[in-house]
Amino acid sequence: RQLLLVFAVAGLSLAPVAADLPLASDNAYLWLKSRTASTGLVDSYQDKKDVCYTYDQAVAAMAFTAKGDLGSARGVLDALQTLQNADGSWYSAYSCSLKSPLTGERYVGAIAWVALAVAHYERRSGDAVTYHSMAERAIDWFLLFQQGDGGINGGLDADGIPLPWASTEHNQDAYAVLTYFSHP
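Now for a look at the structure at hand. (Residues numbered from 1 in each chain as written. Predicted model: local features only at pLDDT ≥ 70, side-chain atom pairs only at ≥ 80, totals over all residues. Heavy atoms only, no water.)

### Quick look at the side chain of Ser44
Here Ser44 lies in the loop between α2 (15-34) and β1 (52-53). The exposure class assigned to Ser44 is buried, which follows from its relative accessible area of 13%. In this structure the side chain of Ser44 is engaged in a polar contact, spanning 2.9 Å, whose partner is the backbone nitrogen of Tyr53. A distance of 2.7 Å separates a polar atom in the side chain of Ser44 from a polar atom in the side chain of Asp56. Sequence-distant contacts of Ser44, defined by excluding residues within four places in its chain, comprise Trp31, Val51, Cys52, Tyr53, Asp56 and Gln57. (Helix = DSSP H or I, 4+ residues; strand = E, 2+ residues; numbered from the N terminus. Buried < 20%, exposed > 50% of the residue type's maximum accessible area, 1.4 Å probe, protein only. Polar contact = N/O pair within 3.5 Å; in protein donor to acceptor, adjacent residues only side chain to side chain. Contact = heavy atoms within 4.5 Å.)

### As for the state of the cysteines
Two cysteines form a disulfide when their sulfur atoms are joined by a covalent bond. Tallied over the entire structure, the rule returns one disulfide. Disulfide pairing places Cys52 opposite Cys96 at an S-S distance of 2.0 Å. Its torsion about the S-S bond being 120°, the disulfide of Cys52 and Cys96 is classed as right-handed. Here Cys96 lies in the loop between β2 (93-94) and β3 (106-107) and Cys52 lies in strand β1, a separation of 44 residues in the sequence. For Cys96, a relative accessible area of 2% gives the class buried. (Disulfide = S-S within 2.5 Å.)

Structure below.
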């Protein structure tokens with residue numbers, strides 16, 4: 001009630017915000033579509049750089065799936081499928097136009113998000129085959145960093161050295177992925 005009182009005193013209303021959410025959602029979706037390169041990757045920033053971050057690709061695939069644009073989601077997931085390393089990981093960033101790695105870092109959080117994007121796509125599309133093994137390989141990779149206390153450390157730095165830290169966020173992501181894919 002205090003928040004409503006603050007809005008009332010300030011002369012603000014929540015109603016116009018709610019009415020604009022579908023339009024805002026459509027605009028964000030159209031912006032993502034406009035950022036999609038011919039490679040299927042979504043350019044992460046509206047700048048002159050040619051950078052597509054793995055995490056952003058996962059989020060874009062999820063957004064396309066949520067909007068019902070399974071074709072665009074498949075475009076992103078197909079691109080990620082071709083970029084997946086033999087060990088199940090992805091590099092942190094790629095050239096959008098060349099699909100070549102720009103960094104050597106491989107982060108558990110971003111890779112867990114790709115698996116989350118696959119889970120979201122599977123639930124929404126009913127297709128539990130096309131990208132399932134890609135997600136399973138990603139899980140196998142990030143579980144290499146699980147510690148004795150159950151926490152999963154951050155991944156690998158640019159030199160391929162294991163990162164000594166763990167984050168709450170990427171462990172929550174891993175938990176959701178492991179729950180969906182029924183890993184113990």
